[in-house]
Amino acid sequence: MDYTPRVASFLLFLTKISIGQRQVNVQKGPLFRAEGYPASISCNVTGFQGPSEQHFQWSVYLPKAPAQEVQLVSTKDDSFSYAMYAQRVRKKEIYVERVRGNLVLLHISKLQMKDTGKYECYTPSTDAKYFGNYSATMDLTVIPDTLSAVMRPQTLSKEEGEPLELTCEVSKATAQHTHLSVTWYLVQDGGKSPATQVISLSKDFTLIPGSSYAERFAAGDVRLDKVGATTFRLSIGRVQPSDQGQLFCEAIEWIQDPDKTWTSITKKQTDHTTLGVQPADADLHVTLTAEGPLSAGSPLELLCLAAGGGRDAQLQGAWFLEDAEIARLDAAGVLSLRADYQERAGRGQLQAAKRGAGAFSLRLAAAGPRDQGAYRCEVTAGARAPGGPWRALRRRPSPDLRVRLSAPAARSVEVSTKNKQQTVWEGEALVLLCRAGGAESLLSVTWWHLARNQTQLELVAGMGLDGTLQRGASYGGPSSRGDIRLEKVGWATFQLEIASAAVTDSGTYKCTVSEKTQNQERDPSWAQEISVTVKSLESSLKVNLMSRQPQVRMTGTFDLSCVVGAGYSDLSVPLTVMWQFQPARSQAFSQLIRITHNGTVEWGDSLSHFQRKTKVSRSSFQSQLLIHDATEEEAGVYQCKVQVYGSSSPCANSPVRASAVSHPLSITVALPESKLKVNPSNHVQEISINSNTKIDCSILSRSTGNLQLAIIWYFSPISANASWLRILEMNQTNVIKYGDEIHNPKRKKKFHTEKNSRESFLLHILNVDDSDRGKYRCTVEEWLLSADGAWHKLGEQKSGTTELKLRPTGSEVRVSKGDWAENATEHGEVAIHCNLESSGTAASLFSVTWFWKRENSGRRKLVHLQHDGLLEYGEDGLRKALHCYRASPAAFVLTLRRVERQDAGVYWCRVEEWQLHGNPRKWVSQASDDSGQTVLTVLPSEPTFPSRICSSTPLLYFLFICPFVMLLLLLVSLLCLAWKVRKLSRLRLEAQKEKALWVDLRQAGCRSGEEEEDDGL
């Protein structure tokens, strides 16, 4: 079934799909296909990231369970199919054909009614992020096959010039709208040659004759008519001998798909009608010839040729030896042999066949003495009546041919390689040819191998007279010494092929040819040798890595070429190329990308950022790596590694035959050279006070590419030793940031910048007053945004200065310029004075700003006493340490209340004169002047008793620790005293108890004595 129009229209549709996101498209449905016939559905994916070869998974949702996915077949997983489809997938009845990396066709070779459903094509994601659609569906409906084509089989015999009519009944009962095409074909030579188209009625109702019937169709001799609802009639006005053969009718049912293409869904052929045409001139002429060397043991072919008796389908031939029939080949090609010749045919020594129209061949493989004598052939022309047997019409014998056989001659043997080269590469096919000369005969061959440094011949393979193969012990199969094949490519030419030669196959090969004879006790044999060398692939494999740009500019593009040099570059050996990369700050190489022998691209896991900016290509012996938008991450050392698998297609576990690694190549990534140039000219502007002005910063040249500019505006006041102050900055992302000196909101409102054009920037200054006098300049920076989102500064240029002057207004402020030196004691108080030498007019007000500067540091604004009396401190922490006031109309004082050592430095003031201007009237700075400098030196204060104590660390420790020690001793003493008192109390109590006992004993003794005295009395 031809799907070329459908695929072409589908590809045309795919070209209109916008890229940038994954888009899966399946062939437009619904499709209607007939049961028992094949169907194909195309699916394409575009806009993806990752490898060029995408995977596809096909599923179907059946009508009985429309929400349940039934997995069908996948290009990624062989076990993807569900059980109900697994067997059909294994038998290749359902399979996926890959047209290219992102386009496949789903083929169902024989549809079943249960295949009706919604088919889904899904592509697994290889993208960096999920974006797009990853599947698409279409409906396929399987309809019954209702097409029928019937013609009654018959055998017709016509004389040349007679008319012929055949009818064919074609019908269908398809519910869908379909068209029919009907074609008549003629088959000749018993079906051995392709069918010839006679005439066809196409699906769009157009009559189309076959190429060999075009003239007869134009003359009206060949016609195809529809004579009823289902009947189609073929009419031939005058049959010719070329019409002889078998005629049949073929009907095809067509349906129009949603993409407007017509597709055949069913096809039926009728039975054949056999047509025989008897030529007007049927006289037979028969000749017999013998072909071959006519020697004993050589082949002998007897060729019988018949001319003028009709076509071979009506002829039969017979061979006679000494008037006895030995073989007969009838019109149907059935061979009949005499008994003794049947035995020779069974051994493959005799063959009989038709070689063409009126040509019959009888071939004896090895002729002997019994095959000598007088031969004759006989050809019979006949016809087969309808429904009856074959009937002989005329018979013609050939003249006798006497065959005499000569004795066999000695043979010559020649051994060579097929490509005439005795050196082959490892893995390449080694093909040896052994040719025997002399008369044709049955031969056997034996191949031997003598390896280098060996003395024993080893059998490789042999072929007997009957074609029986014998392999040597070391060449028994693919797992031993390699896959070998021995073929007989001619009657005396034998080809030995070692599919994948190894280095061990080097050595000498010997071919021995033997001939079977009937009159000799021992079969003669002849031998010849050839020396063959198998070179290893590793011996000449070299890899060279080179680049035209070892130093590349950032965001630029560089390419690396990995060139494989080998002596076998003309062979199609499978190569795997692996690109490796060592970053600049690493000590080890990591896999960047691997391109296998079949074109599969495998990315490394640790260098994922290369995928979105790398393009790789590969030819047979060269691979190129193209990297664009280069950044510092791509700087480092590159090398490529090549693995060779041999000339045969390697499997997953095939060993590597050779490998080589190129020399490392260092790639450095540098910033582009900046071509930025800013106008260096100096200018002077003189404007009126309280007016607006703008200062231009012109760019004369700049670098090309995706570059951005940053501009910084600087201002230097009109004062001695004034430094450049940053006003504002507009960076490369157009973010505006004011300088630290412009912290006052009023000052910020005075300045703003504008990009006037691609080469011009403007600084606008509003309501210019005396404080704006001075020099202005700009600094332009050129920035490059790399692919990884990082900004890189390429260069910077400073412009010339623009000096801003005010037109005289009659006002002039003069401040005392004397330099003073002041000494202050630490922790004391000091006052610094600023005196006016001219007080201006009565309408003038004055403001004063005090500055301080230490050695090796910038100036610092301390406090600003505004013209309206408000105080503005430079920092919040200065409010308690400073006091600024106006002591008299011409004197300003700055008091440092508690002087510290770090307050030493240079102090000075700036006085500005303010007057009312404009409508509405507002205060405008008219003029300003800086005072002389006062150098403040802070002396250490006299040490006091508390300070002396605090300055002595040991004494301070003593004063803190001593009270705690004395308190501890006091507590210990009190505890000891309490213990002593308690002990004395206990001793006193015990003494009292002993004394009381002693008194009691004495009293008892006295009483007993008195009683004794009383008893004596």
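See the structure above.
Our subject in this report is the structure included herewith. (Residues numbered from 1 in each chain as written. Predicted model: local features only at pLDDT ≥ 70, side-chain atom pairs only at ≥ 80, totals over all residues. Heavy atoms only, no water.)

Here we look at the state of the cysteines
Stated formally: We call a pair of cysteine sulfur atoms a disulfide whenever their separation is within 2.5 Å. Segments assigned H or I by DSSP are reported as helices when at least four residues long, segments assigned E as strands when at least two residues long, and all are numbered from the N terminus. Type-normalised accessible area, obtained with a 1.4 Å probe on protein chains alone, sets the label of each residue: buried when under 20%, exposed when over 50%, and partly exposed for intermediate values.
Taken as a whole and judged by the stated rule, the model has 6 disulfides. Two residues, C562 and C640, share a disulfide whose sulfurs are 2.0 Å apart. Taking the torsion about the sulfur-sulfur bond, which here is approximately 75 degrees, the covalent link between C562 and C640 counts as right-handed. Note that C562 is positioned in strand β43 (residues 558-565) and C640 in strand β49 (residues 636-644), a separation of 78 residues in sequence. When sorted by exposure, C562 lands in the same class as C640, which is buried. When the bonded cysteines of the protein are numbered from the N-terminus onward, they pair as 1-2, 3-4, 5-6, 7-8, 9-10, 11-12.

Thoughts on the sheet that holds strand β21 (residues 285-291)
For clarity, the threshold we go by: In short, DSSP must find at least two bridges between two strands for them to pair. All axes are obtained by fitting lines to C-alpha atoms, using only the stretch in contact for helices, and the reported angles, taken between N-to-C directions, cover 0 to 180 degrees.
Spatially, the 4 strands line up as an open sheet ordered β21-β22-β27-β26, and their pairing is antiparallel. This sheet does not close on itself; its edge strands, each paired only once, are β21 and β26 (350-356). On average, each strand axis in the sheet is tilted by 15 degrees relative to the strand beside it, whichever way the strands run. Pairing of β21 with strand β22 (residues 300-307), which is carried by 7 bridges, proceeds in the antiparallel orientation.

Brief notes about the nonpolar core
Condition: For this analysis, a nonpolar core means a set of buried residues of the types Ala, Val, Leu, Ile, Met, Phe, Trp, Tyr and Cys, connected via side-chain atoms within 4.5 Å. Contacts were defined at the residue level, with two residues in contact if any of their heavy atoms lie within 4.5 Å.
One finds L560, Y568, W579, L592, Y638 and V644 to be the most contacted residues of the largest nonpolar core, which totals 43 residues. Look past the residues within four positions of L592 in its chain and what remains in contact with it is W579, Q580, F581, W603, G604, L607, F610, L625 and Y638.

Focus: the packing of aromatic side chains
Here is the rule: Side-chain rings of Phe, Tyr and Trp (the six-membered ring for Trp) are treated as a pair once their centres are within 6.5 Å; stacked means planes under 30 degrees apart, edge-to-face means over 60, and tilted covers the remaining angles. Working rule: Lys NZ or Arg CZ, within 6 Å of ring centre, within 35 degrees of ring normal, means a charge sits over the ring.
Evaluation of the coordinates by the stated rule reveals 7 aromatic pairs. An aromatic cluster is built from F558, F581, F610 and Y638, whose rings are joined through pairwise contacts. Positioned over the ring face of W254 is K203, at 4.5 Å from the centre of the ring. A cation over an aromatic ring shows up here: R376 above the ring of F320, its NZ or CZ 4.6 Å from the ring centre.

Focus: the pairing of strand β48 (residues 622-627)
Of the two faces of β48, the one holding S623, L625 and I627 is buried and the one holding Q622, Q624 and L626 is not buried anywhere. The sheet contact formed by β43 and β48 spans 6 bridges and is antiparallel. The partner of L560 across the bridge, within β48, is L625. By the bridge criterion, 5 bridges tie strand β47 (residues 614-618) to β48 in an arrangement that is antiparallel. Residue V616 lies in a different strand from β48, and its bridge partner there is L625. In sequence, β47 turns back onto β48 through a hairpin of 3 residues.

Some thoughts on helix α2 (residues 83-90)
Within the span of α2, buried status applies to Y85, A86, R88 and V89. In the core, the buried residues of α2 are packed alongside β4 (57-61), β5 (70-74), β6 (94-100) and β7 (103-108).

Some remarks on the sheet that holds strand β8 (residues 117-122)
Across the sheet, 5 strands lie side by side as β2-β9-β8-β4-β5; this open sheet has mixed pairing. Looking at strand neighbours, the two that pair on one side only are β2 (31-34) and β5, the edges of this open sheet. Ignoring which end each strand starts from, the neighbouring axes of this sheet average 30 degrees apart. Note that β2 and strand β9 (residues 135-143) share 4 bridges and pair parallel. Within the sheet, the bridge partner assigned to L31 lies in β9 and is L140. Of the strands in this sheet, β4 and β5 are in contact with α2, which crosses β5 at around 20 degrees.

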